Amino acid sequence: QVQLVESGGGLVQAGGSLRLSCAASGRAFGTYIWGWFRQAPGKEREFVAAITWPSGSTYYADCVKGRFTISRDNAKNTVYLQMNSVEPEDTAIYYCAAATYWSGPNYREPNHYPYWGQGNQVTVSS
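Bear in mind that the values here come from a model prediction, so they are computed numbers and not experimental data.

**Student:** Quick question: what am I supposed to make of the sheet that holds strand β1 (residues 3-7) here?
**Tutor:** Think of a sheet as strands paired side by side through backbone hydrogen bonds, with each pair either parallel or antiparallel. An order of β1-β3-β8-β7 is seen for the four strands of this open sheet, with the pairing classed as antiparallel. Looking along the sheet, the strands with just one partner apiece sit at the ends: β1 and β7 (68-73). Shown here is a sheet whose adjacent strand axes are inclined to one another by a mean of 20°, direction ignored.

**Student:** Any chance you could explain the nonpolar core here in plain terms?
**Tutor:** Note that soluble globular proteins tend to have their nonpolar side chains buried in a common cluster. Membership of the largest hydrophobic core comes to 37 residues, with the highest contact counts inside it found for Trp34, Trp36, Leu81 and Tyr94. Mapped onto this core, the elements with two or more residues apiece are β3 (18-25), β4 (33-39), β5 (46-52), β7, β8 (78-83), β9 (92-99) and β11 (120-125). Top contributing element to this core by residue count: β9, with six residues.

**Student:** So what exactly am I meant to see when it comes to the state of the cysteines here?
**Tutor:** A disulfide bridge is the covalent bond that connects two cysteines by way of their sulfur atoms. Here the structure, examined in full by the defined rule, presents one disulfide. Not part of a disulfide, Cys63 finds its nearest cysteine sulfur in Cys96, a span of 18 Å. In this structure Cys63 comes out as partly exposed when scored by relative accessible area, which is 43%.

**Student:** Even after reading the chapter, I still don't get the environment of Gln13, so can you show me in this structure?
**Tutor:** Along the polypeptide, Gln13 turns up in strand β2 (residues 10-13). Distance in space between the C-alpha atoms of Gln13 and Thr123 is 8.4 Å, their sequence separation being 110 residues. If near-sequence neighbours (up to four positions away) are discounted, Gln13 is found in contact with Val86, Val124 and Ser125.

**Student:** Could you clarify how one ought to interpret unusual backbone geometry in this entry?
**Tutor:** With the exception of glycine, the majority of residues adopt a negative phi angle, and the majority of peptide bonds are in the trans configuration. Positive phi, close to 50°, is recorded for Asn77, a residue that is not glycine. Within the secondary structure layout, Asn77 lies in the loop between β7 and β8. Accessibility expressed as a relative area gives 23% for Asn77, which makes it partly exposed. Phi angles above zero are rare outside glycine, and Ser85 is one such case at about 50°. Structurally, Ser85 can be placed in the loop between β8 and β9.

**Student:** Explain the pairing of β11 here, please?
**Tutor:** Both faces of the sheet carry side chains from a regular strand, because those side chains alternate between them. Only one face of β11 is buried, namely the one carrying Asn120, Val122 and Val124, since none of Gln121, Thr123 and Ser125 on the opposite face is buried. Pairing of β2 with β11, which is carried by four bridges, proceeds in the parallel orientation. Bridge pairing in β11 links Gln13 to Ser125. Where β9 and β11 come together, three bridges link them in antiparallel fashion.

**Student:** I'm lost on the pattern of salt bridges in this one. Help?
**Tutor:** Side chains carrying opposite charge are able to pair once their charged atoms draw close together. Overall, the coordinates contain four salt bridges when judged by the stated rule. With a closest N to O distance of 2.9 Å, Asp90 and Arg38 form a salt bridge. Here Arg38 lies in strand β4 and Asp90 lies in the loop between β8 and β9, a separation of 52 residues in the sequence. Accessibility classification places Asp90 together with Arg38 in one group, the buried group. Between Asp90 and Arg67 there is a salt bridge, with its nearest N and O atoms 2.8 Å apart. Here Arg67 lies in the loop between β6 (58-60) and β7 and Asp90 lies in the loop between β8 and β9, a separation of 23 residues in the sequence. Each of the two residues, Asp90 as well as Arg67, counts as buried. Shared partners join several salt bridges into a network, and the residues in it are Arg38, Glu46, Arg67 and Asp90.

About the criteria used
The numbering scheme is per chain: residues are counted from 1 as the chain's sequence reads. Restriction of local features to residues with pLDDT of at least 70 applies here, the model being predicted, together with a cutoff of 80 or more for giving and counting side-chain atom pairs; totals for whole chains, interfaces and linings are based on all residues. Excluded from the side-chain calculations are hydrogens and water; all other atoms, namely the structure's heavy atoms, are used. What makes two strands pair is DSSP finding at least two bridges between them. The numbering of helices and of strands both runs from the N terminus, where a helix is a DSSP run of H or I of at least 4 residues and a strand a run of E of at least 2. For every element, the axis is a line fit to its C-alpha atoms; helices are fit only across the contacting stretch, and the angle between N-to-C directions ranges from 0 to 180 degrees. Residues belong to a common nonpolar core when they are buried Ala, Val, Leu, Ile, Met, Phe, Trp, Tyr or Cys residues joined through side-chain atoms within 4.5 Å. For every residue, the accessible area obtained with a 1.4 Å probe (protein chains only) is divided by the maximum for its type, and the residue is called buried under 20%, exposed over 50%, and partly exposed between those limits. Note on disulfides: each one is a pair of cysteine sulfur atoms within 2.5 Å. Only heavy atoms matter for contacts: two residues are in contact if any of them lie within 4.5 Å across the pair. Salt bridge, as used here: a side-chain nitrogen of Lys or Arg that lies within 4 Å of a carboxyl oxygen of Asp or Glu.

Such coordinate-based values are descriptive only and should not be taken to indicate function.
Written out as structure tokens, the structure is:
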């Protein structure tokens, strides 16, 4: 099975930057789409960004467009989320996810992804 290991979370000042990493092992070579989600206390898990194989098409939630960038390193089997100009509203636990199939707009839904990382706490201070 696919195993995802996250790193890079922590405390950052408002307006600063942070980069999250998600490294895959197992049969991750068959992964078709990678996603980043986040969940704040008392809120549902929400879509942040996604990137596909092999096209490299990217998708973003409106609230992070222009600030966050999702990218991939195929050689390292790793996906990144570069977070710039962070805001206190970005505070959440961030999860990476992966799926071996594509179902159109369902890429925005958590239940589309069978594989998940352990989560990384990102706290933005004001």
